[in-house]
Amino acid sequence: MVMPIPFLLCSLQILLIITLISQTIAILVYDNINNSHYICDQSNNKANYTANSTYHKNLNTLLTTLTSNTDINYGFYNFSFGENNDRVYSIGLCRGDLLPTDCRRCLSGSRSNLTSICPNQREAIFWSEDERCMLRYSDRLILGVMEDVPMFYSNNLDDSVDVNLSNEAVTTLMDNLTSKAVKGDSRTKYAAGSLPGSQYEVIYGLVQCTPDLSENDCNSCLVENLQQISGCCKGKIGGRVVRPSCNMRFETSYLFYEPQASPPSPPPSPPPNTTGKSNKSSTIGIAVAVPVAIVALIFIFLCI
């Protein structure tokens, strides 16, 4: 039986759309026990690695030794290991208020979970509870590259007492903190602080970029986050937006970070290379895979 030309054209369009979708798929896994986020990148066009391959061995070596340099006391690790197509790049970032020992413990605890939840993936990323640390790896250069996807955001389910005043205070606070954070150096780009909110409320905020970013890239990333917060978290008493290159969070009358007494001291030598109480927050991940079969069925129905 000869199929009608319109149906054939429509089918070709379906195949093209499915191909585009499959190239941009990433899976977000939320660990509700540990309040952690894992994103396994399935869009990598170099395919997955196989068990016990050179890439697999390089990845294990890199993640195992990532935090071994105890001279790093400012919470930012970036290393690579291997050669050519089997080279693995990694970045580890800790929230700016964490002590070095807590930072290393957070990153060390995440490495085995990351490879088990995202098995055989040549690229993956992990955020711990309250974004205390982030660990990511890839088979491509990620140092110095501003990346705003994948991302996720969440907000507290409770509304502020005075929505207009709260929104104004959040915007002002985040703008001020962004201006401070972007002026950081290659060790840290972090700022936290507070402003009075409505009535007796206090708005606490925190912003951070990976310190390998330029001032302009850090600013661009945080501006995107503030725009997202203005949409997802407007009028709420808490919200956050998290990306690979930067994160931003605010809370009302809840001090969720440790105030810093002084910045970390410089290392002896340069290296080689969260929202509201968890039971009240609603998390929305936008980097979630859409089953290709479902998409195909929808478009086939439209073709009929």
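## Let's talk about the overall build of the protein chain
Counting its regular elements, the protein chain contains six helices and twelve strands. By residue count, 47% of the 304 residues in the protein chain fall in the buried class. When the accessible surface of the protein chain is totalled, it reaches about 15,000 Å², and 56% of it is carbon and sulfur.

## Remarks on the side chain of Glu123
Examined against the element boundaries, Glu123 turns out to sit in the loop between α3 (100-117) and β5 (124-127). For Glu123, a relative accessible area of 9% translates into the label buried. Side chain to side chain, Glu123 and Arg140 meet in a polar contact 2.7 Å long.

## Quick look at the nonpolar core
Counting 36 residues, the largest nonpolar core has Tyr77, Leu107, Leu114, Trp127, Leu135 and Tyr137 as the members making the most contacts within it. Counting residues per element, the ones that place at least two in this core are β2 (36-41), α2 (54-65), β3 (76-81), β4 (88-94), α3, β5 and β6 (133-138). Contact partners of Leu107, with chain neighbours within four places excluded, come to Thr67, Tyr77, Gly92, Leu93, Cys94, Cys133, Met134 and Leu135. Membership of the second largest hydrophobic core comes to 25 residues, among which are Met151, Val207, Cys246 and Phe250.

## Considerations on the pattern of salt bridges
Two side chains with opposite charge may pair up if their charged atoms get near one another. Throughout the structure, instances matching the rule amount to 14 salt bridges. Measuring nitrogen to oxygen at the nearest pair gives 2.7 Å for the salt bridge that ties Arg140 to Glu123. Of this pair, Arg140 sits in the loop between β6 and β7 (152-156) while Glu123 sits in the loop between α3 and β5, and the two are 17 residues apart along the sequence. What emerges from the salt-bridge pattern is a single network uniting Asp130, Glu131, Arg240, Arg249 and Glu251.

## Considering the state of the cysteines
Here the structure, examined in full by the defined rule, presents five disulfides. The disulfide bridge from Cys94 ends at Cys103, spanning 2.0 Å between sulfur atoms. Linking Cys94 and Cys103, the disulfide has an S-S dihedral of approximately 85° and is accordingly described as right-handed. The two residues Cys94 and Cys103 agree in class, both being buried. Residue Cys221 pairs covalently with Cys246 via a disulfide, S to S 2.0 Å. One quick way to see it: the torsion about the S-S bond of Cys221 and Cys246 is about -85°, and its sign makes the bridge left-handed. With Cys221 in helix α5 (residues 215-232) and Cys246 in strand β11 (residues 246-252), this pair connects stretches of sequence that are 25 residues apart. The same class applies to Cys221 as to Cys246, namely buried.

## What to know about the environment of Leu63
Within the secondary structure layout, Leu63 lies in helix α2. Relative accessible area serves as the criterion here: at 5%, Leu63 is assigned to the buried category. C-alpha separation for the pair Leu63 and Phe81, spaced 18 residues apart in sequence, amounts to 9.7 Å. Contacts of Leu63, omitting those with residues within four sequence positions, involve Arg111, Thr115 and Leu135.

Definitions and limits used
Residues numbered from 1 in each chain as written. Predicted model: local features only at pLDDT ≥ 70, side-chain atom pairs only at ≥ 80, totals over all residues. Heavy atoms only, no water. Helix = DSSP H or I, 4+ residues; strand = E, 2+ residues; numbered from the N terminus. Buried < 20%, exposed > 50% of the residue type's maximum accessible area, 1.4 Å probe, protein only. Areas by Shrake-Rupley, 256 points an atom, 1.4 Å probe, with all protein chains shown as cover. Polar contact = N/O pair within 3.5 Å; in protein donor to acceptor, adjacent residues only side chain to side chain. Core = buried A, V, L, I, M, F, W, Y, C linked by side-chain atoms within 4.5 Å. Contact = heavy atoms within 4.5 Å. Salt bridge = Lys/Arg side-chain N within 4 Å of Asp/Glu carboxyl O. Disulfide = S-S within 2.5 Å.

So yeah, pure geometry; function would need other evidence.
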